[in-house]
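Structure at a glance
Here's the letter readout for the chains.
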Amino acid sequence: MATQSFAQRTGRLQEPKLWIGGEWVDPVDGEIGRSIDPSNGQPWAEVAFAGPQDIDRAVAAAREAFEGPWRHMPPVERAAILRRMADIYQARAPELAELEARDTGRAIREVRGEFANHHHFLHWFASLADKLDGRAIAIDPSVHAFTTRMPIGVVGAITPWNAPMLTSIWKIAPALAAGCTVVHKVAEMTPVTAFQFARIAEEAGLPRGCYNVVPGHGDTAGAHLVAHSGVDKISFTGEGATAQEILRTGAHTLKRFSFELGGKSAHILFDDADLEQAINAAVGSAFAVCGQSCALGSRVLVQRSIYAQVVAAFEQRAARIRVGMPLDASTHMGPQAHSAQLAKTLSYIDAGQEGGARLVAGGARITEGAMADGYFVQPTVFADVSSDMKIAREEIFGPVVALIPFDDEDDAVRITNSTRYGLCAGLWTRDLGRAHRVAARIEAGTVWVNTYRYVRWSLPYGGVKMSGWGRENGVEAMDAYLETRTTVISMHGQFPDPYAS
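Residues numbered from 1 in each chain as written. Predicted model: local features only at pLDDT ≥ 70, side-chain atom pairs only at ≥ 80, totals over all residues. Heavy atoms only, no water.

1. Some remarks on the environment of Gly-105
Rule in force here: Where helices and strands are cited, they refer to DSSP runs of H or I of at least four residues and of E of at least two residues respectively, numbered from the N terminus. Remark: exposure states derive from per-residue accessible area (1.4 Å probe, protein chains only) relative to the maximum for the residue type, with buried under 20%, exposed over 50%, and partly exposed in between. Contacts between residues were defined by any pair of non-hydrogen atoms, one from each residue, lying within 4.5 Å.
Locating Gly-105 in the fold gives a position in the loop between helix H3 (75–104) and helix H4 (108–115). In this structure Gly-105 comes out as buried when scored by relative accessible area, which is 0%. Considered as a pair, Gly-105 and Pro-326 are 221 residues apart in the sequence and their alpha carbons are 5.4 Å apart. In this structure, Gly-105 is in contact with Pro-38, Glu-100, Cys-290, Pro-326, Gly-334 and Pro-335, ignoring residues within four places of it in sequence.

What follows is the structure in structure tokens.
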């Protein structure tokens, strides 16, 4: 009797080949892994994972494409391909959103809203492809000096599991616009949408080898990509400890690195704020993406005069968040993306209670009904948190928010900056002077005033301190994928013999 395949047995998704050099190929030393549906703990997709030899093949294909057609293609033609990719992506966004919701556990209503904007990032970077200008440098009339920008080469893009498609586009689009080629090491927990992006690139006419998809484990495929002498740059989104290991592993090649890392962002509510709007934003930015985003306002700092009111509002709002199946359009929040993250989130909830914080809402895994076998956690709120508590210092990456009281501007700034992270922050006030004063003192790459999580393709995004190096999005993103060449031309061509006398 013939053995049935995984797809035949389950009716679920299969992606058994890697995308290397413009072809679907079997892994050489990788494996066929399974992506787990976090809503039930069961495999829902069978996916090819790369090993070191597969990484070698992908890097060779990317190098050939870089040295061949891509870097020499007129920038306006590169832009045209990116625009075609954007248009195809826009048409397929609903399908892609459903795949990502299934793979990550995020609520489909949230994912659909995000995916409806992804194509704008591709169009934005297409618009920059033919604007990579250098500058003329005036020295003296005897020379003409100028700079030009040149693509850095082969880029290893390593993307995370929490928002896999968005973080991928943030790297792939500027790299391609600059004339680089990409080897994409996708997180093994949520690899599915990258294969669809490869199909979009192929349909749009991206030359073979410019984009290669090689999901795999970090300690094998990822480490080999980082150490590879044929890779000119690593762009990584993830946690700080992994970034430190990437630096150690890749240091011998002196390749370039950029990092978008963690955050423990403060969301500051002053007592003169429009409180209804501030609470809307604070609750929304605490529990979006199942709490699994480095940009979320996981520390809510509240001025003491309104503290009790805000704590009560958080308790009420958390209770009405509908936790449920990701593909149910009525669901507000789905499960944690994988079992290890579930365990981590629950451990921090325990740490909050042990550390003396007051549990206001949630605080447990959901173990009943249809969600019993999934990785679901109640939206959790801790009040009376101090800056020395573990839940205030460390990134939890789950639906757990810490409410911290403060006295005045100086106190708010002190608490905000009392962290090793510096990715984002937000503040709410009607006082324009206070908005400027406080924003200027916050150690973060982005500060939002009277809004939160306002992220757009044209706005640079990234952190300071342990939140990363470099910026994604905006014109600044292109710097990560370009080198500067200085050319000096003598206007008279004379060079006296220094040893004539």
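2. Brief notes about the confidence of the model for the chain
Just so we agree on the cut-off: Confidence of the prediction at every residue is given by pLDDT, a number between 0 and 100.
When pLDDT is averaged along the chain, the result is 96; 98% of the residues meet or exceed 70. Predicted confidence is poor over residues 1–9, with pLDDT under 50, and the contacts of this stretch with residues over four places away or in other chains come to 15 contacts.

3. Brief notes about the pattern of salt bridges
The line we're drawing: Only one rule defines a salt bridge in this text: a Lys or Arg side-chain nitrogen within 4 Å of an Asp or Glu carboxyl oxygen.
Taken as a whole and assessed by the stated rule, the structure comprises 27 salt bridges. Here Arg-199 and Glu-15 are joined by a salt bridge, their closest N and O atoms 2.8 Å apart. Of this pair, Arg-199 sits in helix H7 (residues 192–203) while Glu-15 is found in strand E1 (residues 13–15), placing the two residues 184 residues apart along the sequence. Overall, the relative accessible area of 28% leaves Arg-199 in the partly exposed class. The salt bridge partner of Arg-63 is Asp-232, with a shortest N-O separation of 2.7 Å. Taken together, the positions of Arg-63 in helix H2 (residues 52–72) and Asp-232 in the loop between helix H8 (218–227) and strand E11 (233–237) put the pair 169 residues apart, joining distant regions of the chain. Its relative accessible area of 23% is what places Asp-232 among the partly exposed residues. Residues joined in a network through salt bridges with shared partners are Arg-63, Glu-67, Arg-71 and Asp-232.

4. Section: the nonpolar core
How we decide: Nine residue types can take part in a nonpolar core, namely buried Ala, Val, Leu, Ile, Met, Phe, Trp, Tyr and Cys, and a core is a set of them joined through side-chain atoms within 4.5 Å.
In this structure, Met-85, Tyr-89, Leu-176, Phe-197, Tyr-211, Phe-314 and Val-381 are the most contacted members of the largest nonpolar core, which totals 106 residues. With 29 residues, the next largest nonpolar core counts Leu-342, Ile-349, Met-389 and Ile-391 among its residues.

5. Some details on the packing of helix H14 (residues 409–417) against helix H15 (residues 432–441)
We count it as follows: For helices, the axis comes from a line fit to the C-alpha atoms of the stretch in contact; other axes are also lines fit to C-alpha atoms, and the angle between any two N-to-C directions lies between 0 and 180 degrees. Should an angle fall under 35 degrees it is called roughly parallel, over 145 degrees roughly antiparallel, and 65 to 115 degrees roughly perpendicular, with every other angle called oblique. Note: crossing handedness is left-handed where the near helix turns anticlockwise from the far helix by less than a right angle, and right-handed where it turns clockwise. Polarity classes work like this: nonpolar for Ala, Val, Leu, Ile, Met, Phe, Trp, Tyr, Cys and Pro, charged for Asp, Glu, Lys and Arg, and polar for all others, with Gly in that last group.
For the pair H14 and H15, the least separation of the axes is 10 Å and the interaxial angle reads 30°. Relative to H15, H14 is oriented roughly parallel. Of the two elements, H14 crosses H15, and the hand of that crossing is right-handed. In this structure, H14 uses Glu-409, Asp-410, Val-413 and Asn-417 to contact H15, whose residues at the interface are Arg-434, Arg-437, Val-438 and Arg-441. The residue makeup of the contact of H14 with H15, split by class, is two nonpolar, one polar and five charged.

6. Structural notes on H14
The element H14 is extensively covered by neighbouring structure, given that seven of its nine residues are classed as buried. Taken residue by residue, H14 has Glu-409, Asp-411, Ala-412, Val-413, Ile-415, Thr-416 and Asn-417 as its buried positions.

7. With respect to the packing of aromatic side chains
The criterion, for reference: Two aromatic rings from Phe, Tyr or Trp, using only the six-membered ring of Trp, form a pair when their centres are within 6.5 Å; if the ring planes differ by under 30 degrees the pair is stacked, by over 60 it is edge-to-face, and anything between is tilted. Charge-over-ring contacts are defined here by two conditions on Lys NZ or Arg CZ: a distance within 6 Å of the ring centre and an angle within 35 degrees of the ring normal.
This structure, assessed with the given rule, holds 14 aromatic pairs. Between the aromatic rings of Trp-161 and Phe-397, the centroid separation amounts to 5.5 Å while the plane-to-plane angle is 90°, which identifies the pairing as edge-to-face. Within this pair, whereas Trp-161 is found in the loop between strand E8 (154–158) and helix H6 (164–178), its partner Phe-397 is found in the loop between helix H13 (390–393) and strand E17 (400–406), the two being separated by 236 residues in sequence. Neither Trp-161 nor Phe-397 differs from the other in exposure class; each is buried. Site record: aromatic cluster; members linked through ring pairs are Tyr-89, Phe-115, Phe-197 and Tyr-211. Its end group placed over the ring of Trp-70, Arg-78 keeps NZ or CZ at 6.0 Å from the ring centre. Over the ring of Tyr-348 we find Lys-390, and its NZ or CZ is 5.2 Å from the ring centre.

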